[in-house]
Amino acid sequence: GYHQWDIYCSENYIFLYSFDPGDRNAMFRFVRGLATKMNSMYRQYQKYFPPHQGVKPWWSVVRVCRSKKEFDRYGGTSGGVIGWFNPGSKELVFFKDKRWTFTVAYHEGWHQYAHFWFPGAQLQRWFDEGTGDWFGSFKKTGKDSWKSAASKMRLRGIQLQVRTKTTVPWSEIVTWHKNKFYGPRASYYYAQAWSMIDYLRRGSRSRGYQKEWKQILPTYVNVALETKATKTAVQQALKGLAPGKL
């Protein structure tokens, strides 16, 4: 069943990719370029979340399908799903799309990294999906240098929510897991989660920013890592603060 599939090994990932007859070399070049950027992004994960003693080394298969049709057939997906990480097999799955493949690869690569970095912790969706989109919006500026930027995928969504006053209060969305986050309005929740992470990471110069908010992410990360109790992590991160002003 692996006709017209090939393999490419890189520093941190093993790529399994499919190709159309006569298009093998072009697909190889695409995958090689993706591997270079994903390995560089992997070092960004390490920069913001340095490896610790509890992190076990791993290898991941990154499956790159030649088309959306093949991607959907493999994963049983449909509609707007354009990439995913399987915690069971540790596999990352994408398809070749010039517009979104790299963004999605950085996002889903974060999920895999977090899976090993926070062993045993069930992260709330605002943090996990928001951080994935935050890394997904990075722009490469050099061989191994990146800069954070506004998310092309999420910016309009959060702007619409702000205009229509439909954002979810921080005190609520920070407690949500999969059962509340995913659903018909998931794209709006993704946009808000990205904006929350981006604001906590880059918003210190914004008007109205309070210096106490700088501790929200470090506190959440440290408590979640040390105790695995993410509910407690949220409570500690927002303790004594007024999240309604965020």
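To be clear, the structure that these remarks concern was listed above.
Calculation rules
- Residues numbered from 1 in each chain as written.
- Predicted model: local features only at pLDDT ≥ 70, side-chain atom pairs only at ≥ 80, totals over all residues.
- Heavy atoms only, no water.
- Helix = DSSP H or I, 4+ residues; strand = E, 2+ residues; numbered from the N terminus.
- Contact = heavy atoms within 4.5 Å.
- Phe/Tyr/Trp six-rings, centres within 6.5 Å; stacked < 30°, edge-to-face > 60°.
- Lys NZ or Arg CZ within 6 Å of the ring centre and 35° of its normal.
- Buried < 20%, exposed > 50% of the residue type's maximum accessible area, 1.4 Å probe, protein only.
- Pairing = 2+ DSSP bridges.
- Axes fitted to C-alpha atoms, helices over the stretch in contact; angles between N-to-C directions.

## Considerations on the environment of Ala-191
On the secondary structure map, Ala-191 appears in helix H8 (residues 186-202). For Ala-191 and Gln-161, which are 30 residues apart along the polypeptide, the C-alpha to C-alpha distance reads 9.0 Å. If we ignore the near neighbours within four places in the chain, the residues touching Ala-191 are Arg-154, Gly-157, Ile-158 and Gln-161.

## With respect to the packing of aromatic side chains
Centre distance and the angle of the planes are the two values used to describe a pair of aromatic rings. One pass over the structure, following the stated rule, counts 41 aromatic pairs. Aromatic side chains Trp-117 and Phe-118 sit 4.8 Å apart centroid to centroid with 65° between the ring planes, which places their arrangement in the edge-to-face category. Positioned above the aromatic ring of Tyr-188 is the side chain of Arg-185, whose terminal nitrogen or guanidinium carbon lies 4.4 Å from the ring centre. Seen from the ring of Trp-134, Arg-201 lies directly overhead, with NZ or CZ sitting 5.2 Å from the centre.

## Considering unusual backbone geometry
Phi at Lys-165 is positive, roughly 55°, even though this residue is not glycine. Looking at where Lys-165 falls in the secondary structure, it is placed in the loop between helix H5 (155-164) and helix H6 (170-173). Residue class for Lys-165 comes out exposed when judged on its relative accessible area of 77%. For Lys-228, which is not a glycine, the phi torsion comes out positive at approximately 70°. Along the chain, Lys-228 falls in the loop between helix H9 (216-227) and helix H10 (230-238).

## Points about the sheet that holds strand S5 (residues 91-95)
Across the sheet, five strands lie side by side as S1-S2-S3-S5-S4; this open sheet has mixed pairing. Across the chains shown, the open sheet's two edge strands, defined by having one partner strand only, are strand S1 (5-9) and strand S4 (84-86). With direction set aside, neighbouring strand axes in the sheet form an average angle of 20°. Sheet topology note: the strand S2 (residues 13-18)/strand S3 (residues 60-65) ladder contains five bridges and is parallel. Residue pairing for S3: Tyr-17 is matched across the bridge by Val-64. Strands in contact with helix H1 (residues 24-48) are S1, S2, S3 and S5; relative to S2, the strand with the most contacts, it is inclined by about 150°. In the packing of helix H3 (residues 101-117) onto the sheet, the strands contacted are S2, S3, S4 and S5, and the crossing angle to S5 comes to about 170°.

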